[in-house]
Amino acid sequence: MRENLEFLIEIQTLKEIPRTGLVLLGVKDPPSVADHIVRGAITSWLLGIKHNLNVEYLIKTAFSHDLGEVYGGDRTPFWGLLPEDEKARKEFLKKWIRLPLREKKKRDEKEFKEEKRLLLKLLKPLSLNLRDEIFYFWLNYKKKLTKEGLFFFQVDKMEGMIEALESLNKKDYAFVAPWWEEADEIIVDDLLKNFYKIIQNKFYNSRLEIKINKTLKKELENILEFILEIGRLKRMGRLYWKLRGIENSETVTGHIFTLFLMTWLFAKEKIKLNQEKLFKMVLCHELSAVYTGDTTPYDRILSRNINEKEKILKKMIRLSKKEKEWIFLEDYKEEKKSLERLTRKLDPQIKKEILNLWEDYRVKSSPEAKFLSQLNILAVLLQGLLYEKKYKGFSTHPIWEWAFESCDDNICLSLMEEMKKKFYD
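Let me begin by describing the structure that accompanies this report. (Residues numbered from 1 in each chain as written. Predicted model: local features only at pLDDT ≥ 70, side-chain atom pairs only at ≥ 80, totals over all residues. Heavy atoms only, no water.)

Looking now at unusual backbone geometry. The backbone of N52 shows a phi angle near 55°, a positive value even though the residue is not glycine. Relative to the assigned elements, N52 resides in the loop between helix 3 (33–48) and helix 4 (55–64). Among the residues examined, N52 registers a relative accessible area of 71% and is labelled exposed. Of note in this structure, N205 is not a glycine but carries a positive phi near 55°. Looking at the element boundaries, N205 is found in the loop between helix 11 (190–204) and helix 12 (214–230). In this structure N205 comes out as exposed when scored by relative accessible area, which is 58%. (Helix = DSSP H or I, 4+ residues; strand = E, 2+ residues; numbered from the N terminus. Buried < 20%, exposed > 50% of the residue type's maximum accessible area, 1.4 Å probe, protein only.)

Before going further, it helps to spend a moment on the nonpolar core. In terms of nonpolar packing, the biggest core is built from 133 residues, with F7, F63, L67, I199, F257, L287 and L378 touching the most fellow members. Sort the elements by how many residues they give to this core and helix 20 (residues 367–390) lands first, with 12 residues. Setting aside residues no more than four positions away along its own chain, L378 makes contact with M262, A403, C407, C412, L415, M416 and M419. (Core = buried A, V, L, I, M, F, W, Y, C linked by side-chain atoms within 4.5 Å. Contact = heavy atoms within 4.5 Å.)

Okay, the pattern of salt bridges next. In total, this model carries 34 salt bridges according to the counting rule given. The partner of K60 in a salt bridge is E133, and the shortest N-O contact between them spans 2.6 Å. Of the two residues, K60 is situated in helix 4 and E133 in helix 8 (residues 128–143); the sequence distance between them amounts to 73 residues. Summarising the burial analysis for this pair, K60 and E133 share the class buried. Salt-bridge contacts for D172 lead to K171; the nearest nitrogen and oxygen are separated by 3.3 Å. Salt bridges linked by common partners bring R19, R39, D74, E159, E163, E166 and K234 together as one network. (Salt bridge = Lys/Arg side-chain N within 4 Å of Asp/Glu carboxyl O.)

This part covers helix 1 (residues 2–10). Listing the buried residues of helix 1 in full gives N4, L5, F7, L8 and I9. Buried residues along helix 1 sit in contact with helix 7 (101–123), helix 8, helix 14 (252–267), helix 20 and helix 22 (410–424).

For the rest of this paragraph, the subject is a nonpolar patch on the surface. A contiguous nonpolar surface patch, about 230 Å² in accessible area, is contributed by F328, L329 and V363. Here V363 falls in the partly exposed class, since its relative accessible area comes to 39%. (Patch = residues over 30% accessible without salt bridge, like charges linked within 9 Å, V, L, I, M, F, W, Y side chains within 5 Å. Areas by Shrake-Rupley, 256 points an atom, 1.4 Å probe, with all protein chains shown as cover.)

Here it is, written out as structure tokens:
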């Protein structure tokens with residue numbers, strides 16, 4: 001348990017490392033590596049099912065592929081090549097890198113070895129089985145060992161380009177040219193080639209011909225719209241931390257990132273639970289926040305008086321059963337309405353799956369949902385403990401109370417004990 005907790009603490013770094021390509025382009029407050037991973041995983045799920053790919057493999061590949069950046073930082077294909085002069089650097093970034101094949105292979109090999117070394121350093125504390133599994137899915141991405149590895153490799157590059165298009169003004173779209181040139185080199189999947197055309201039509205108001213049936217074309221357009229909408233979560237700070245005075249707090253996607261890896265580590269011991277269902281549920285459980293905004297149990301009782309608000313936030317909420325039921329029902333209705341709006345244009349089958357996963361989680365109707373709801377509290381607690389260590393005067397007391405009242409799973413109780421040892425001993 002101690003080793004797993006150390007790993008979870010280390011990977012929090014990815015929630016603070018901004019996407020380097022966007023930093024180089026001067027984007028203000030760009031999404032983090034963790035934010036990037038989460039939407040990439042969701043995108044690969046929605047598009048991968050069109051090829052009947054293994055969704056669990058796709059998602060695990062997504063969450064493994066950038067873990068080496070915990071120690072190595074977020075590298076772009078331009079590393080080591082950019083001019084020091086800012087003006088020259090800006091011009092350089094408008095073009096894709098053209099290198100002799102020998103030099104390109106040498107750079108790729110050097111990057112692979114360095115990233116492998118850093119990843120193995122990160123994974124070293126974990127059990128052999130976990131270490132081997134995470135390393136395999138990282139290797140699956142780097143070497144494209146399976147259909148899922150090859151597919152996610154392409155989706156990942158596409159996600160990077162969408163981030164750039166979302167973040168830049170149209171007058172700066174010249175800087176997106178390298179992503180398009182890279183796509184020409186690496187995209188081999190026909191579905192994704194058409195999806196790239198849909199992206200181009202969306203952002204450039206172009207009218208590229210897309211040679212697929214109208215139903216599939218409309219479906220891909222709707223998936224793109226969905227992807228762009230959930231992009232809001234990459235810049236949406238968690239409300240509870242904001243209310244507690246934390247600036248530049250964890251984002252909603254940052255929370256999903258932590259919860260997913262926590263689930264991966266500990267669900268291995270729950271052999272009776274459906275692993276793929278758990279992973280999908282993690283990805284779905286906060287999607288309603290796209291339109292409702294992030295919410296907390298305090299929202300409906302907070303005073304407008306600043307001093308009173310601070311007093312309330314430092315304590316665990318004590319409400320009657322009737323009050324709890326009313327708050328749950330009001331939140332449930334708003335969140336369900338939001339999620340129905342978000343998924344309304346998706347294929348009916350995937351829409352139903354997302355809504356069912358969310359519903360299951362909210363009402364805790366399955367063993368998977370009950371386990372995940374407890375892990376979710378501990379993901380919040382872990383982030384709170386890190387803030388408590390960083391910010392003077394910040395207290396996790398109400399989160400501890402929440403955890404003690406809500407958690408009875410042996411794995412969760414063991415993790416709580418380990419957190420106490422780590423942060424207070």
